[in-house]
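Chain by chain, the residues:
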Amino acid sequence: MTLPRRMLLNAFSMSCISHIHHGLWSRSDTRQLDYASFAPWTELAQLLERGCFDSIFLADVIGTHDVFRDGADTSVVEAMQIPINDPAMLIPAMAQVTEHLGLAYTSSVLQIPPFTFARQISTLDHLTQGRVGWNIVTSALRNAGTNLGFPGLPSHEERYNRADEYLDVVYKLWEGSWEDDAVLRDVVRGRYADPAKVHAINHAGEYYKVEGPHLCEPSPQRTPLLFQAGSSTRGRAFAAQHAECVFVVDSLAALNGPASVVRDIQTQARAFGRNPDEIRFFQGLSPVVGGTEADAKAKLDDYMESYSMDGALAHISGTMGVDLDGVDLEAPIESIEVEALRGWVKGLIDANPKKTQTFRDLIRARTLERFIVGAPEQVADGMEAWFNAGIDGFNLTYSVTPGTFCDFIDGVVPVLQKRGLAQTEYAPGTFREKLFGHANVSKDHHAASYRRD
Ligand SMILES: Cc1cc2nc3c(=O)[nH]c(=O)nc-3n(C[C@H](O)[C@H](O)[C@H](O)COP(=O)(O)O)c2cc1C
């Protein structure tokens with residue numbers, strides 16, 4: 001069954017104080033400082049469900065951003081993704097107060113042995129009645145590697161090699177260990193399950209050796225709904241093979257153009273034997289919604305008063321692995337020596353037509369570029385343009401929480417619903433069923449190749 005295409009809404013957050021828009025945590029109109037208690041999360045989950053959001057996604061890192069000014073001091077001062085708590089722990093709390101909301105979180109393939117991770121997320125899939133999603137990451141922070149016993153961060157290639165094998169292991173556990181009819185629950189004969197239908201996986205690879213069987217009986221989705229956000233060549237190929245939901249951060253022009261990441265991943269998915277309709281693409285946006293355009297712009301100006309350039313530079317430096325402290329913020333970008341700066345900044349400078357603006361302006365503009373600002377109808381118009389360019393859904397970042405989501409739900413969601421773009425009620429079933437119409441991975445997905453029936 002193929003479901004009609006609709007616009008998907010996902011709230012983006014992290015179990016920390018400062019996630020994306022740094023500096024704003026100290027405002028009185030945001031609950032970021034309460035991150036270590038249940039209330040802001042359970043109340044946010046209920047709010048999102050009132051707004052018919054498909055899901056909330058909690059990102060995660062397992063190390064500090066310690067490249068800027070040669071250490072993690074700026075990150076610590078700015079509460080920039082440190083302190084950060086384990087996102088998985090929040091899933092049961094949010095599940096308990098909601099009925100339909102999808103609950104996705106990040107776990108790195110470097111972080112937990114695949115056997116233990118498969119068990120953790122199967123448990124959550126049981127407890128949430130099949131509402132769990134996994135954002136697969138390979139980690140990009142040096143400190144993540146050294147926290148986990150590696151001499152440094154394993155190379156990009158090795159991380160993706162590990163990811164490929166990690167997925168084979170967890171797929172074998174989720175899909176290939178317990179047959180569909182292994183569980184008998186026969187209280188008359190006292191037989192809970194049929195041992196002939198519960199299998200060891202006997203995986204022996206380059207990085208992992210796992211005998212099995214999986215310790216959890218099949219959960220509603222078996223394999224959790226799979227998210228991924230790799231943007232490199234290898235990352236896109238990985239998405240094409242594994243991801244059911246892909247996070248992209250691109251310009252509308254690029255998505256409409258010949259180098260569209262969406263079309264690239266769809267083409268590669270076909271080469272892996274997958275139906276590209278079995279992949280949903282989510283664009284990252286930061287909505288700032290006001291009663292009028294002027295109100296919304298004033299709101300953004302107000303937010304930018306609290307914006308921290310140090311927080312932004314510590315974040316970007318950590319992610320890129322290049323210390324941006326040496327870059328003169330007031331220099332026109334045409335004069336910046338870009339060769340030392342990899343990917344993100346170089347691409348940013350190349351793409352920017354105004355070479356005379358300063359690096360400070362560029363960083364702020366890059367932040368601003370992710371914003372979508374206006375009255376509800378305007379924000380809905382912008383989102384509809386993305387939707388028409390092949391984006392299925394949106395990963396919505398907050399400026400203040402829950403205020404950003406309240407404004408969006410009260411203002412924009414009704415407009416999207418009236419236009420027939422966003423859902424007005426939830427479909428029954430698991431996270432995957434709500435998005436794709438089937439509870440388990442589709443037959444053409446690599447995970448399904450490990451099924452025994
Ligand atoms: C929306 C979004 C969410 C992401 N969430 C995480 C995360 O939670 N943890 C993490 O380590 N990386 C995260 N990343 C980074 C990606 O996993 C990936 O490393 C990055 O896009 C670079 O791609 P590559 O690994 O293929 O080079 C995220 C990226 C995007 C766009």
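Residues numbered from 1 in each chain as written. Predicted model: local features only at pLDDT ≥ 70, side-chain atom pairs only at ≥ 80, totals over all residues. Heavy atoms only, no water.

(A) Structural detail: the packing of aromatic side chains. Here the structure, examined in full by the defined rule, presents 16 aromatic pairs. Centre to centre, the rings of Phe 53 and Phe 408 are 5.9 Å apart; their planes meet at 80 degrees, and the pair counts as edge-to-face. Of the two residues, Phe 53 sits in the loop between helix H1 (39–50) and strand S2 (55–59) while Phe 408 sits in helix H15 (residues 403–418), which places them 355 residues apart along the sequence. Judged by its relative accessible area of 1%, Phe 408 falls in the buried class. Ring plane angle 15 degrees and centroid distance 4.7 Å describe the contact between Phe 57 and Phe 247, whose orientation is recorded as stacked. Taken together, the positions of Phe 57 in strand S2 and Phe 247 in strand S10 (residues 245–248) put the pair 190 residues apart, joining distant regions of the chain. Across the pair, exposure class does not vary: Phe 57 and Phe 247 are buried alike. In this structure an aromatic cluster arises from ring pairing among Phe 12, Phe 57, Phe 227, Phe 247, Phe 282 and Phe 431. Residue placement shows Arg 5 over the ring face of Phe 387; its charged tip is 3.8 Å from the ring centre. (Phe/Tyr/Trp six-rings, centres within 6.5 Å; stacked < 30°, edge-to-face > 60°. Helix = DSSP H or I, 4+ residues; strand = E, 2+ residues; numbered from the N terminus. Buried < 20%, exposed > 50% of the residue type's maximum accessible area, 1.4 Å probe, protein only. Lys NZ or Arg CZ within 6 Å of the ring centre and 35° of its normal.)

(B) Broad picture of the site of the ligand. The full set close to the ligand counts 17 residues, and Asp 60, Thr 106, Tyr 160, Ala 229 and Ser 232 are the nearest of them. One of the backbone N or O atoms of Ala 229 is found 2.7 Å from an oxygen atom in the ligand. Between the ligand and the protein, one listed contact pairs an oxygen atom with a side-chain N or O atom of Ser 232 at 2.6 Å. Out of a free accessible area of 610 Å², the ligand has 76% covered by protein chains. Of all the secondary-structure elements, those providing two or more residues to the shell around the ligand are S2, strand S4 (132–137) and helix H6 (156–176). Partitioned by chemical class, the residues of the shell around the ligand number 8 nonpolar, 8 polar and 1 charged. (Near = heavy atom within 4 Å. Polar contact = N/O pair within 3.5 Å; in protein donor to acceptor, adjacent residues only side chain to side chain. Areas by Shrake-Rupley, 256 points an atom, 1.4 Å probe, with all protein chains shown as cover. Nonpolar A, V, L, I, M, F, W, Y, C, P; charged D, E, K, R; others polar.)

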